[in-house]
Amino acid sequence: MTTEQKELVKSTVPILRAHGVVLTKHFYQRMFIHNPELKHVFNMGNQQNEKQQTALAMAVLAYAEHIEDPSVLFPVVDSIGHKHTSLDIRPEHYAIVGKHLIASIKEVLGELATDDLLGAWAVAYQELADLMSGHEQNIYNQKVNEKGGWTGWRPFVVKEKVVESSEITSFYLYPADQGPIADFKPGQYLSLRLFLPELNLLQPRQYSISCAPNGRYYRISVKKEAGSQHPDGLISNRLHQVIQAGDVVDLSSPSGVFVLQDTQAKTKVFISGGVGQTPLLAMLESITQQEKETAVKWIHGCRGEEVHAFKQYVAALEKDYPQLKQHIFYDNPAESTPATYKGWVELAQIEDDILSQEAEYYICGPRGFIEKHYQYLVEQKVDKTTIFFEEFGPASLAL
């Protein structure tokens, strides 16, 4: 890009800050009208709740703000790259997106969208597309070069369906071709695709792998969205209500950057809310299987015992792994025990046990849950580089 083109892109930053979501909503509407086949690729639930539009607006704004040195955005590029490869996004999709994005800028900005401005954004977008698709090709190459790895969609058989609580059910997924499966890093997710008759669409969703690597199967543990007819809950509810042992689902290979770090940290602190414990379970199981001397603090919050999945399982791990200690928060605990607390998760109540300069912290749950506990840890002078978090759905946190 020329200096003049970079300045033109930067000149749109105030507009993107104020009206970015307006632009991205127009973009998605336009793209789905002209390319309806992409509805099979995108999560239409995140279109209705506008999470996807918000996430894209934030990404476009960040790119414009850092047009002088986009390399600082690599952690975001890496995370998005994993999500894209899990959805089988290919370079040709970038050409479609670019065409509709530039057209949307012109249609939304009107007279402000001069030929020079549109030209600058076209060049900027192409550079971003080349960066993203190049990084994603590297991820695809890594996937196919590992034992049991694959790209695109692969059929898996639901061998077991196990109720874990009144809301959460686990699905044990084995490859239909009976071939080897790819290993994964504890904390990663799978994309699962089903046909939804209600929408007449194939729809993908991401679910964390809730067990340690074992070479034979993947396990996902899914929360039922009670009474939800919103597209956001249709896949989860179909898994609960329709999919049975013996049925086949499509999976993409494991992806994701929220993973257990291979470091010498003496303590791992896992902080979860509700179904947010699923990627942390894979991390916990992996640590306890390796029989290391790592201390583990397991902090979990949910409404009550009836919705507390894996309660007995983690308790059994605690007996077999002396370095594991739990702190459980219930809205209304049935009984009072030294490790059970009333109310939402409050790290201040257990700070003597969890705060350490030699610890790593892993947080997973709703957006507000992550923000609250991240800010608390930072206020306690915990090094930000030792705090890791996963927000389910399109990334909207900028911590």
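From a predicted model like this one, the values you see are computed outputs, not experimental measurements.

For strand β5 (residues 218-223), a buried count of 5 out of 6 residues is recorded, marking the element as mostly surrounded by other parts of the structure. Relative to β5, strand β2 (residues 168-175) runs antiparallel, the two being bridged by 6 bridges. Paired with threonine 169 across the strands is valine 222, a residue of β5.

Strand order across the open sheet formed by 6 strands is β10-β9-β8-β7-β11-β12, with parallel pairing between neighbours. The open sheet has two edge strands, β10 (340-342) and β12 (387-391), and neither has a second partner. Here the strands of the sheet are splayed against their neighbours by 15 degrees on average, with no regard to which way each runs. Direction of pairing for strand β7 (residues 267-273) relative to strand β11 (residues 359-365): parallel, over a ladder of 6 bridges.

Below, the discussion takes up the state of the cysteines. What the rule picks out here adds up to 0 disulfides. Not part of a disulfide, cysteine 302 finds its nearest cysteine sulfur in cysteine 364, a span of 14 Å. The buried category is assigned to cysteine 302, whose relative accessible area is 11%. Given a relative accessible area of 0%, cysteine 364 falls into the buried group.

On to the pairing of β12, then. The side chains of a regular strand alternate, first on one face of the sheet and then on the other. In terms of residue burial, β12 counts as a mostly covered element, since 4 of its 5 residues are buried. Relative to β12, β11 runs parallel, the two being bridged by 5 bridges. What sits directly across from tyrosine 362, in β12, is phenylalanine 388. In terms of handedness, the path from β11 via helix α12 (residues 367-379) over to β12 forms a crossover that is right-handed.

A separate point is the side chain of lysine 143. Tracing the sequence through the fold places lysine 143 in helix α7 (residues 115-145). Despite its burial, lysine 143 remains without a salt bridge, the nearest opposite charge being carried by glutamate 146 at 6.3 Å. Among the polar contacts listed, one links the side chain of lysine 143 to the side chain of serine 253, at a separation of 3.1 Å. Setting aside residues no more than four positions away along its own chain, lysine 143 makes contact with Thr85, Gly149, Trp150, Thr151, Ser253, Pro254 and Ser255.

Their axes nearest at 8 Å, the elements helix α2 (residues 13-34) and helix α4 (residues 51-65) cross at an angle of 135 degrees. Relative to α4, α2 is oriented oblique. Considering only the axes of α2 and α4, their crossing is right-handed. Where α2 abuts α4, its residues Val13, Leu16, Arg17, Gly20, Val21, Thr24, Lys25, Phe27 and Tyr28 lie against Gln52, Gln53, Thr54, Leu56, Ala57, Val60, Leu61, Ala64 and Glu65.

This paragraph deals with the sheet that holds strand β4 (residues 201-208). Spatially, the 6 strands line up as an open sheet ordered β4-β3-β6-β1-β2-β5, and their pairing is antiparallel. Of all strands in the sheet, those bounded by a partner on one side alone are β4 and β5. Averaged over all neighbouring strand pairs, the angle between strand axes comes to 40 degrees, with direction disregarded. Bridge analysis of strand β1 (residues 154-163) against strand β6 (residues 248-251) gives 4 bridges, and the strand direction is antiparallel.

Further remarks concern the environment of valine 248. Mapping valine 248 onto the fold places it in strand β6. Sequence separation between valine 248 and arginine 154 is 94 residues, and the spatial gap between their C-alpha atoms is 9.9 Å.

Reading guide: rules and limits
Residues numbered from 1 in each chain as written. Predicted model: local features only at pLDDT ≥ 70, side-chain atom pairs only at ≥ 80, totals over all residues. Heavy atoms only, no water. Buried < 20%, exposed > 50% of the residue type's maximum accessible area, 1.4 Å probe, protein only. Helix = DSSP H or I, 4+ residues; strand = E, 2+ residues; numbered from the N terminus. Pairing = 2+ DSSP bridges. Axes fitted to C-alpha atoms, helices over the stretch in contact; angles between N-to-C directions. Disulfide = S-S within 2.5 Å. Right-handed = clockwise from strand over helix to strand, strands pointing away. Lys, Arg positive; Asp, Glu negative; His and termini not counted. Salt bridge = Lys/Arg side-chain N within 4 Å of Asp/Glu carboxyl O. Polar contact = N/O pair within 3.5 Å; in protein donor to acceptor, adjacent residues only side chain to side chain. Contact = heavy atoms within 4.5 Å. Parallel < 35°, antiparallel > 145°, perpendicular 65-115°, else oblique. Left-handed = near helix turned anticlockwise from the far one by under 90°.

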